[in-house]
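A look at the structure
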Amino acid sequence: MEHKLSHIDDSGNATMVDVSEKQTTARVAVASGKVNFPEAVFKTLADQEFLGKKGSILQTAIIAGIQAVKKTSDLIPLCHQLLLSKINIDIQPVGTSLEIICMVKCNERTGVEMEALTGVSVSALTIYDMCKALSQDIVISEIQLDKKTGGKSDFNR
């Protein structure tokens, strides 16, 4: 099987993939990531139930992530516009981190991996923005695709 970049044509130019001949199928992608805090900062946030001067850190990050999922094709030039059927973002404390999981569903000719990854990324950036007054030693890490179904092949990390 020959592997080549799908968004680069034979001349080396960027191109949008033609999905017009692909089957419309149910597609699901799940991505995750972490926002890691210094221990004292995490304790302060947890003691305040993750409420900051700007409001609920978790709920704001969830809404931002959902908005970002819906705007993925505006942010990443070669992504297709998709009619999404479901977006779910869950943020949970784990150790001294907040773990973000984003699940996106659609019935389309191309997958929703980039949408799920974008949801995690923008949720994490929103958490950073809302918490940076406490510390700049906050680290966004481990943003990854965990699962995808539908299309030519499935993936499960």
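Structure: above.
Given the structure is predicted, the values throughout are model-derived calculations rather than measurements.

**Focus: the state of the cysteines**
This structure, assessed with the given rule, holds zero disulfides. Cysteine C102 is unpaired, with the sulfur of C106 as its nearest cysteine sulfur at 12 Å. Judged by relative accessible area, C102 falls into the buried class, the value being 0%.

**Side note on the sheet that holds strand β6 (residues 139-149)**
Strands sit in the order β4-β5-β1-β6-β7 across an open sheet of five strands; the sheet is antiparallel. One side of each edge strand has no neighbouring strand; the edge strands of this open sheet are β4 (84-94) and β7 (155-156). When strand β1 (residues 25-36) meets β6, the two strands line up antiparallel, connected through eight bridges. Bridging from a neighbouring strand, V35 pairs with I140 of β6. Across the sheet, helix α2 (residues 57-70) lies against β4 and β5 (97-108), angled at about 145° from β4, the strand it touches most.

**Details of the side chain of S135**
Along the chain, the position of S135 falls in the loop between α4 (113-131) and β6. Classification of S135 by relative accessible area gives buried; the value is 12%. Separated by 2.9 Å, the side chain of S135 and the backbone nitrogen of D137 make a polar contact. If we ignore the near neighbours within four places in the chain, the residues touching S135 are P38 and V41.

**A word on a nonpolar patch on the surface**
On the surface, L125, I140 and I143 cluster together to form a nonpolar patch covering roughly 230 Å² of accessible area. Secondary-structure assignment places I140 in strand β6. On the basis of relative accessible area, I140 is assigned to the partly exposed category, the value being 30%.

**Considerations on α2**
Counted at 1.5 Å a residue, the expected span for α2 with its 14 residues is 20 Å, and the 20 Å between its end C-alpha atoms agrees. Residues of α2 that are buried: I57, L58, A61, I62, A64, G65, A68 and V69. Across the axial projection of α2, the buried residues extend over an arc of 165°, all falling on one side. Of the exposed residues in α2, the ones pointing more than 90 degrees away from its buried face are I63, Q67 and K70.

Conventions used here
- Residues numbered from 1 in each chain as written.
- Predicted model: local features only at pLDDT ≥ 70, side-chain atom pairs only at ≥ 80, totals over all residues.
- Heavy atoms only, no water.
- Disulfide = S-S within 2.5 Å.
- Buried < 20%, exposed > 50% of the residue type's maximum accessible area, 1.4 Å probe, protein only.
- Pairing = 2+ DSSP bridges.
- Helix = DSSP H or I, 4+ residues; strand = E, 2+ residues; numbered from the N terminus.
- Contact = heavy atoms within 4.5 Å.
- Axes fitted to C-alpha atoms, helices over the stretch in contact; angles between N-to-C directions.
- Polar contact = N/O pair within 3.5 Å; in protein donor to acceptor, adjacent residues only side chain to side chain.
- Patch = residues over 30% accessible without salt bridge, like charges linked within 9 Å, V, L, I, M, F, W, Y side chains within 5 Å.
- Areas by Shrake-Rupley, 256 points an atom, 1.4 Å probe, with all protein chains shown as cover.
- Salt bridge = Lys/Arg side-chain N within 4 Å of Asp/Glu carboxyl O.
- Expected span 1.5 Å × (residues − 1).
- Arc of directions from axis to C-beta.

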